[in-house]
Amino acid sequence: MAFEDIKRQLTTMTIQEVEEIFITEFQAVFDRFTIIEEDVLSLASSNKDYIYHPGVYVFFLNGKVIKVGRHLTNSRKRALEHIRDNTRNEGFEMGDLNRNIGVKILLFNLKDANDYHWAASVEMYLETKLDPVIKSKRLG
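Residues numbered from 1 in each chain as written. Predicted model: local features only at pLDDT ≥ 70, side-chain atom pairs only at ≥ 80, totals over all residues. Heavy atoms only, no water.

Novice: Would you mind showing me how to read the overall build of the protein chain here?
Specialist: Helix and strand counts for the protein chain come out as five helices and six strands. The burial tally for the protein chain puts 45% of its 140 residues in the buried class. For the protein chain, the exposed surface amounts to about 7300 Å²; the carbon and sulfur share of it is 47%. (Helix = DSSP H or I, 4+ residues; strand = E, 2+ residues; numbered from the N terminus. Buried < 20%, exposed > 50% of the residue type's maximum accessible area, 1.4 Å probe, protein only. Areas by Shrake-Rupley, 256 points an atom, 1.4 Å probe, with all protein chains shown as cover.)

Novice: Where do I start with the sheet that holds strand 6 (residues 103-110) in this structure?
Specialist: Hydrogen bonding along the main chain pairs the strands of a sheet, whether they run parallel or antiparallel. A sheet is described by the order of its strands in space; here four strands give the open sequence 1-6-2-3, paired in antiparallel fashion. Each edge of the open sheet carries a strand with a single partner, namely strand 1 (33-39) and strand 3 (64-71). Within the sheet, the average angular offset between the axes of one strand and its neighbour, ignoring direction, is 15°. Where strand 2 (residues 55-61) meets strand 6, seven bridges bridge the pair, whose relative direction is antiparallel. Residue pairing across strands places Phe59 opposite Ile105, the latter belonging to strand 6. Sheet strands in contact with helix 5 (residues 117-130) are strand 1, strand 2, strand 3 and strand 6, and its direction is about 160° off that of strand 3. (Pairing = 2+ DSSP bridges. Axes fitted to C-alpha atoms, helices over the stretch in contact; angles between N-to-C directions. Contact = heavy atoms within 4.5 Å.)

Novice: Could you clarify how one ought to interpret the packing of aromatic side chains in this entry?
Specialist: Within this structure, the stated rule accounts for six aromatic pairs. Members of the aromatic cluster, joined through ring pairs, are Phe22, Phe26, Phe30, Phe33, Phe108 and Tyr125. (Phe/Tyr/Trp six-rings, centres within 6.5 Å; stacked < 30°, edge-to-face > 60°.)

Novice: Any chance you could explain the environment of Ser121 here in plain terms?
Specialist: In this structure, Ser121 sits in helix 5. Counting along the chain gives 95 residues from Ser121 to Phe26, while the straight-line C-alpha distance between them is 9.5 Å.

And the structure:
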């Protein structure tokens, strides 16, 4: 499935709307998290606080959620592995994201790595609410 096909198929939303969905549901534990927004092209070199922590990643392109996932020790590392390993679904290849300057990633990372268990809840919730192009095999 080409980027143009994805643009036409999915409901669009803003990055701010994705953040609000997270904040609304997890407001009781929101202070345990930090939200990091980064261009995929600069993700590998980012030095933002908590970037190496456990958390949930959301790939975002032109108002579409491409993939939601989690990692219990380092969400940035896992997000980059999807591009390196070219995770795909029905012809959509995540390796292509590394060549597109419009791709953003949101990391909902935990400030304290010992709170890693929250990443599983956030991932499951966002996966169902955001309906990404590439679904998690754990959920579907």
